[in-house]
Amino acid sequence: MQLSDEKIREILELKDRISGQIEKHEEEIEYLKKNLSVLDSLIKQTSFTKASSLRSTTEEPPKVTIKKEDETIPLTRGADGAVIANAYVTPEQVSIILDEKLVIDADTPPFKTFFLDRIIGEMKRKDSVEVESGKIQPESIIDYVVNKNGSNIREIIIKNYRQKERVKEIVNTAAWSLTRMLENKSK
């Protein structure tokens, strides 16, 4: 079977596109393997529950619960859509793990002033009011932990978010804050 020059060019273009797709998917597989490794380490760290953290049976259940299986939400930089972190949502907490290549100092604005003080702080104030009115237990107040490597943020854990609406706000404002921090860092 004899092929024309144009058919041969089309076949070569198709071969190049397929090769490009294979390379792209191999990169994606590596990225997924890295994320799986992070998830494995998180599972190992959280697979045991301390007796002190178990809820009493008299405590009111959370108002809204996330679906039973855990959820992963990529946080992307607005300008180019690059994934800068992943949020791992469980019924108990939201863990935001920054991309290992990112180096962002915890003192870079607007992390503390906007994300921690204004967004999480306001949720904490609302929870305190609900504790005072007897709607929730004191141990159900939203709280956070920032894990760092030196002064650089590696992970942000928000515990007791209690409401699905809060997850969306936390994830969106975290993505916005991290994007602004990267912009401020590069100035």
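Provided above is the structure to which this section pertains.
Residues numbered from 1 in each chain as written. Predicted model: local features only at pLDDT ≥ 70, side-chain atom pairs only at ≥ 80, totals over all residues. Heavy atoms only, no water.

Strand order in the open sheet formed by 5 strands is β1-β2-β3-β5-β4, and the pairing between neighbours is antiparallel. Among the strands making up the open sheet, the edge pair consists of β1 (71-76) and β4 (143-149). Strand-to-strand, the axes of this sheet are offset by a mean angle of 20°, without reference to chain direction. As paired strands, strand β3 (residues 93-98) and strand β5 (residues 152-159) are joined by 5 bridges and run antiparallel to one another. By the bridge assignment for β5, Ile97 is matched with Glu155. (Pairing = 2+ DSSP bridges. Helix = DSSP H or I, 4+ residues; strand = E, 2+ residues; numbered from the N terminus. Axes fitted to C-alpha atoms, helices over the stretch in contact; angles between N-to-C directions.)

Applying the stated criterion across every chain yields a total of 9 salt bridges. A salt bridge links Arg162 to Asp127; its shortest N-O distance comes to 2.6 Å. With Arg162 in the loop between β5 and α3 (164-186) and Asp127 in helix α2 (residues 111-132), this residue pair connects regions lying 35 residues apart in the sequence. With respect to burial, Arg162 and Asp127 carry one shared label: buried. Through salt bridges that share partners, Asp127, Glu130, Arg162 and Arg166 make up one connected network. (Salt bridge = Lys/Arg side-chain N within 4 Å of Asp/Glu carboxyl O. Buried < 20%, exposed > 50% of the residue type's maximum accessible area, 1.4 Å probe, protein only.)

The next subject is the nonpolar core. Of all hydrophobic cores here, the largest spans 32 residues; its most connected members are Leu75, Val94, Ile96, Phe115, Ile158 and Ile170. For this core, the secondary structure elements donating two or more residues are β2 (83-89), β3, α2, β5 and α3. Broken down by element, the residue count for this core peaks at 8 residues, all from α3. Residues within four places of Phe115 in sequence aside, it is in contact with Pro110, Ile120, Ile156, Ile158, Ile170, Thr173, Ala174 and Ser177. (Core = buried A, V, L, I, M, F, W, Y, C linked by side-chain atoms within 4.5 Å. Contact = heavy atoms within 4.5 Å.)

A few words on unusual backbone geometry. Here the residue pair Pro109 and Pro110 is connected by a cis peptide bond, since its omega of 5° sits within 30 degrees of zero. Along the chain, the position of Pro110 falls in the loop between β3 and α2. Located in the positive-phi region is Asn160, a residue other than glycine, with phi close to 60°. With relative accessibility at 22%, the residue Asn160 sits in the partly exposed group.

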